[in-house]
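Structure at a glance
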Amino acid sequence: MILDRVADDNSRKERRAEEAERDVEKLKKVEYMSAHIGEVYDGFVSGVTNRGMFVELPNTVEGFVNVADMRDDYYYFSQEDYAMIGEDTGKQYAIGDPIQIKVKNTDKMTKSIDFSIVYKGEDTFVKGKRKHSHRK
């Protein structure tokens, strides 16, 4: 009886501690990426929803590309393919696909990081240095 209550109480406290640890880790990643807005990184698609895509970087930072910011086509979420598919181009972004992104914004309150896709021909910053892309 008392042992059951103590065990339940300890389990709840442990779950709260794990949640707090995850929140602190998220916040630290947001703070870190705040100093890298405008920089370009290679990553991979780690999740797809009808609102956009999650992209994870090699340093384990994860951010979100909003479908409204995917400006080279009109993209829709295909539940069967679990991918974003371009209506005109047929271009697909699915889990595991490599992608180059730019850090667009960070928000400490929501602990979120926004990315945008880097398209060929854009002037970008690559890991702190300006990269000039030129179309031929």
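Summarised in this report is the structure supplied together with it. Within every chain, residues take consecutive numbers counted from 1 along the sequence as written. Per-residue local features of the predicted model are confined to residues with pLDDT of at least 70, and side-chain atom pairs are confined, for both listing and counting, to 80 or more; whole-chain, interface and lining totals are unaffected and use all residues. Each side-chain value is worked out from all heavy atoms of the structure, with water and hydrogens disregarded.

This part takes up the nonpolar core. The nonpolar side chains of a soluble globular protein tend to be buried with one another. What we call a nonpolar core is a set of buried Ala, Val, Leu, Ile, Met, Phe, Trp, Tyr and Cys residues that are connected through their side-chain atoms within 4.5 Å. Using a 1.4 Å probe on the protein chains alone, a residue whose accessible area is under 20% of its type maximum counts as buried, one over 50% counts as exposed, and one in between counts as partly exposed. Counting residues in hydrophobic clusters, the biggest one holds 21 residues, and the most contacted among them are Met53, Met70, Tyr93 and Phe115. Only DSSP runs of H or I with at least four residues qualify as helices, and only runs of E with at least two residues qualify as strands; both kinds are numbered from the N terminus onward. The set of elements that each furnish at least two residues to this core consists of α1 (2–34), β1 (39–49), β2 (52–56), β7 (98–107) and β8 (112–117). Residue contacts are counted whenever heavy atoms from the two residues lie within 4.5 Å of one another. Ignoring anything within four residues of it in the chain, the contact list for Met53 reads Val45, Gly47, Val48, Gly63, Phe64, Val65, Met70, Met84, Tyr93, Ile99 and Ile117.

Strands are labelled as partners when DSSP assigns at least two bridges between them. As paired elements, β1 and β7 share five bridges and run antiparallel to each other. If you follow Gly43 over to β7, its bridge partner there is Ile99. Note that β1 and β2 share five bridges and pair antiparallel. Residue pairing across strands places Phe44 opposite Glu56, the latter belonging to β2. Connecting β1 to the next strand, β2, in antiparallel fashion are two residues.

Honestly, it's all geometry; don't read function into it.
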